[in-house]
Structures are given as C-alpha cells and as structure tokens.
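The chain contents come next:
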Amino acid sequence: MLDLKFVQKNLDAVAAALKKRCKTEPDVTEFARLDESRKALIAEAEGLKARRNQGSAEVAKLRRAGQDASALMAEMGGMGERIKQLDAELADIEARESDWLLKVPNIPHESTPDGCDETANPVQRLWGEKPQFAFKPKEHWELGQALGGLDFERAAKIAGSRFCVSFGWAARLERALAAFMLDVAAANGYREVLPPYMVNRTAMTGTGQLPKFAEDLFKIEGQEYFLIPTAEVPVTNLHSGEVLEEEQLPLGYCALTPCFRSEAGSYGKDTRGLIRQHQFHKVELVRFSRPDRSFEELELLTGHAESVLQKLGLHYRVIALCGGDLGFSSCKTYDLEVWLPGQDKYREISSCSNFVDFQARRANIRFRPKGAKKTEFLHTLNGSGLAVGRTLVAVLENGQQADGTIVLPEALRPYMGGLERITGE
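Residues numbered from 1 in each chain as written. Predicted model: local features only at pLDDT ≥ 70, side-chain atom pairs only at ≥ 80, totals over all residues. Heavy atoms only, no water.

Student: Is there a simple way to explain the side chain of Ser 289 in this structure?
Tutor: For Ser 289, the position within the fold is in strand β10 (residues 279-289). Among the polar contacts made by the side chain of Ser 289, one reaches the main-chain amide nitrogen of Ser 294 at a distance of 3.4 Å. Setting aside anything within four residues of it in sequence, one finds Ser 289 in contact with Leu 249, Ser 294, Glu 297, Leu 378, His 379 and Leu 381. (Helix = DSSP H or I, 4+ residues; strand = E, 2+ residues; numbered from the N terminus. Polar contact = N/O pair within 3.5 Å; in protein donor to acceptor, adjacent residues only side chain to side chain. Contact = heavy atoms within 4.5 Å.)

Dropping the structure here:
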C-alpha cells in the first residue's frame, strides 16, 4: 500500500496517479473528507486533554487552599467522557482510512507510458523471427488433440470448462518445460522453493490480491484459506514481518506451483485451449531489492524470463504496459508476448513487475542498511519464468510440421529423453 503520510500530504499526486491508470475509484474526495474529520477530531481531543491537564492543576491548587473544587471536577468529568468519545471516533476514522488505502493501486513510475488499455502499450524490442510455413498453421488444441495428448472433453466431464487432461507426451512435455525453466532460473542465481499452495487472508492481502480481487480467487469453503493464483503470493510472504540485512540483497527465489484462478470477467474469452485455464502451472521468479537498485533489478529479471524463450528459440516481443493496463500493485511492468502462428498473434507469456515498496508495506518486509540502526522498506519484484502451459502452446504451434507432428526445440530434448519429434501416442 501507499504510505499514509504520503497520501495525506500528496492527495493531488494520488489523484494524478489514478488518472494515469484511467481509474476513478477509489474516490480521493472520500479520503479528503475522512482526513479532515480526523484532523478535527485530533484538534478537539488535544484541546480537551490540554484543558483537562490544566484543570487537574487547578483542582490541586483549590484543594491546597481548602476551597471547593467540585464544579471544576464535574466539568473535567464531562471532558473525560467527550475525550473517550473522540478517541473512539478517531479510531473508526483511522480504520476507514486504512480500508481506503488497501483499495488504492500503486503509483505508476514516471517511465510508465500513458494510455488506458493494451492498445497503448509500446513495443520495446523484438527477438527472433516469425517462423514461416508452407501450409496454414493449426492452433494448439487441434494439434494436441490430433496427437492424443490434450483432452478437453474428459476434463470437462470431471471438472468443467477451462480445464484440460494431458496424456503421455503432453504430460511429459509440461513436466520437461517446468524442469527446464527451473534449471535456467537456478543458473541465473535463483534459489528454488516449494511453498504451500494454500495461503491465509493475511498473505493474500500482503501482495495485493485482497481485498481488491476477491472474486478472482478460489476460497476454501468454511476455512480462511485461499488457493494461490500465483507463487508470487506465498514466496513474497516468506519474509513478511521480517527485517533482512542489506548484505542479503538482492535475494531471488524461483518456484514451480499450480495456479488457480476463477477468471472472473473473462466470459467468452479464450474458451478453447490452454490459454485461459482455471488451473495451470507456472515457474515464478521473485526478487527482493534495495530501493536504489530495483529498476535495474527489473531489467535483470525481465532478461532472465527472456532467456527461457531465447533458449527455446521462440520469437517474442517485449512491451511496456501503459498506466491503464498496469496491474494493481505494480509501479512498472514489462510483458513478454510470444508469437503463436496458429492464432496469428502475440500472446502474453510472462509479466515482469517492480512493485517498489507497495507490497513491502502491506507485508511489512524491511531491510537494515549497512551501518544504520533504522530499517527501511525494501522493494519487491516478480515475473513469470514462464507460464508453463502457454509455453507448451508456443512449442506446439511454432514446431508444427505439415504432417501434423511437432519438432521439439533442441534445449528441451534432453528433458524428453532425447525425443526430437512428437508423433503422437
């Protein structure tokens, strides 16, 4: 979340940030009214407390002189009741301000482009070239079903829509991709971690999923547990409430987990195939950084995600998200979009973000600068390294041959027992 004192002193900057995000909620005028009430309550309470302290001295003086102090004591008793009332009202106002703060997105970095949707996202760079085909390329679900690896009908029978059962080569390919990604992450200095797949409300709030995105989450009925939408949630919260030493930074973790998403609001989008599933696997990269180096760390993190695509020989582009397309907690984000010839379009396969101190404030993650006594909030970053299912989609569509078989990238073949081509079951 944003710093309360910053918001109180810079409400115009918060309003400008919401405008850059093309958002009107939450209403800054609501916070302004709350804060004016807070100031008025504090002023009245402090005035009464000062008068009460003065009255106490006057009562003592009257008693020493043997004079009647009952009227003054009665007046002070009334002050005490009013102070209690003011303190209760102040606590309510402060709680409402905290609730308001939890709904405020991060302030976009100055380098974040202007714009209200994905059409305003500028391309930063391209890597590789689009593959050329002497035939009309098919989409991944056609290829996967024809080769006996992807079964959406059986998945619908046992779970519902937006699920898939993978058989044989497809199951092995997903496992191979995940292992390959973890190995690349390890080579880039990330420490592998296997976190819980369920987290509590505090963890969800710490990374910004709650309260804003409650409808997008799967909650365990009758329990205060949520299925994770991404490994970012448990991995970032590994250090919640902790103070790291500066020497520990930068700190990087990678994790392979399933991700569970309700896909609320996506009705009618990507109803076929693996692009938008309720359950999918992803290798997540999470970094903890000193504040003065976090934007350099963002470039580094993005490069680590790109290296997976490069090793697989998959053509992609990097785009910078505009203010209106920026995620709730992010200050600056790059998306990697891989080329899918079957769909004849680029599709997001990784999102790499710098949250600056936004998540660290919510989760209370600090560091102690070398030689300093006072601690500071560190900066958190994360990115997909990569979404496994979408990478499988890219491998199928880019490697397809005229006879319906799939040629595998060389980097994956050792993970597939030396298999060079998928020919079916």
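Student: So what exactly am I meant to see when it comes to the sheet that holds strand β1 (residues 123-127) here?
Tutor: As a general point, the strands of a sheet are linked pairwise by backbone hydrogen bonds and lie either parallel or antiparallel. In space, the eight strands of this open sheet follow the order β1-β11-β12-β13-β16-β10-β9-β4, with mixed pairing throughout. Edge positions in the sheet fall to β1 and β4 (191-192), since each has one partner strand and no second. Judged from the four bridges that link them, β1 and strand β11 (residues 316-320) form a sheet pairing that is antiparallel. From the neighbouring strand, Val 123 faces β11, where its bridge partner is Ile 319. Of the strands in this sheet, β9 (251-260), β10, β12 (332-340), β13 (345-354) and β16 (379-387) touch helix α12 (residues 388-399), which is tilted by about 40 degrees from β16. (Pairing = 2+ DSSP bridges. Axes fitted to C-alpha atoms, helices over the stretch in contact; angles between N-to-C directions.)

Student: I keep staring at the state of the cysteines and nothing clicks. Help me out?
Tutor: Should the sulfur atoms of two cysteines be covalently bonded, the bond is a disulfide. Tallied over the full model, the rule gives one disulfide. Across a sulfur-sulfur distance of 1.9 Å, Cys 22 and Cys 116 are joined as a disulfide pair. When the S-S torsion is -85 degrees, as for the bridge of Cys 22 with Cys 116, the disulfide is left-handed. Of the two residues, Cys 22 sits in the loop between α2 (11-20) and α3 (28-64) while Cys 116 sits in the loop between α4 (70-102) and β1, which places them 94 residues apart along the sequence. Here Cys 259 stays unpaired: no disulfide links it, and the sulfur of Cys 254, its closest cysteine neighbor, is 14 Å away. Look at Cys 259 and you get buried, because its relative accessible area is 0%. For Cys 322, which is in no disulfide, the shortest distance to another cysteine sulfur is to Cys 22 and amounts to 6.8 Å. (Disulfide = S-S within 2.5 Å. Buried < 20%, exposed > 50% of the residue type's maximum accessible area, 1.4 Å probe, protein only.)

Student: Any chance you could explain unusual backbone geometry here in plain terms?
Tutor: For residues besides glycine, phi is generally negative; the peptide bonds are generally trans as well. In the segment running from Glu 25 into Pro 26, the intervening peptide bond is cis, with an omega of -5 degrees. Summarising the element assignment, Pro 26 is placed in the loop between α2 and α3. With an omega of 20 degrees, the peptide bond running from Gly 385 to Leu 386 counts as cis. On the secondary structure map, Leu 386 appears in strand β16. A positive phi angle is found at Cys 22, which is not glycine, with a value near 60 degrees. By relative accessible area, Cys 22 is classed as partly exposed at 34%. The phi dihedral of Val 356 falls on the positive side, at around 45 degrees, and the residue is not glycine. For Val 356, the location among the structural elements is in the loop between β13 and α11 (358-363).

Student: Looking at this structure, how should I read the packing of helix α7 (residues 168-187) against helix α10 (residues 294-312)?
Tutor: Helix-helix packing is described using two parameters, namely the angle between the two axes and the distance between the axes. Where α7 meets α10, the axes come as close as 10 Å, and the angle between the chain directions of the two elements is 125 degrees. With respect to their mutual orientation, α7 and α10 come out oblique. Considering how the two elements wind past one another, α7 and α10 form a crossing that is right-handed. In contact with Leu 177, Phe 180, Met 181 and Val 184 of α7, α10 contributes Ser 307, Val 308, Lys 311 and Leu 312. (Parallel < 35°, antiparallel > 145°, perpendicular 65-115°, else oblique. Left-handed = near helix turned anticlockwise from the far one by under 90°.)

Student: Even after reading the chapter, I still don't get α3, so can you show me in this structure?
Tutor: Helical periodicity: at 3.6 residues per turn, an α-helix aligns residues three or four positions apart in one direction. For α3, built from 37 residues, the straight-helix expectation of 54 Å at 1.5 Å per residue is met to within 8% by its first-to-last C-alpha distance of 54 Å. Here α3 has its buried residues at Val 28, Phe 31, Leu 34, Asp 35, Arg 38, Leu 41, Ala 45, Leu 48, Gly 55 and Val 59. Next to the buried residues of α3 lie α1 (4-9), α2 and α4. Just past α3, the residue Gly 66 takes up positive phi, approximately 75 degrees. (Expected span 1.5 Å × (residues − 1).)

Student: Sorry, what's going on with the side chain of Asp 151 here?
Tutor: Locating Asp 151 in the fold gives a position in strand β2 (residues 150-151). Judged by its relative accessible area of 14%, Asp 151 falls in the buried class. Contacts of Asp 151, omitting those with residues within four sequence positions, involve Cys 164, Val 165 and Phe 167.

Student: Would you mind going over the sheet that holds strand β14 (residues 366-368) with me for this structure?
Tutor: Strand order in this open sheet of three strands is β8-β14-β15, and the pairing throughout is mixed. Looking at which strands have only one partner, the edges of the open sheet turn out to be β8 (243-245) and β15 (376-377). Both β8 and β14 contribute to a ladder of three bridges, which runs parallel. Each residue of the ladder has a partner; that of Glu 245, found in β14, is Arg 368.

Function-wise, these values are silent; they only describe arrangement.
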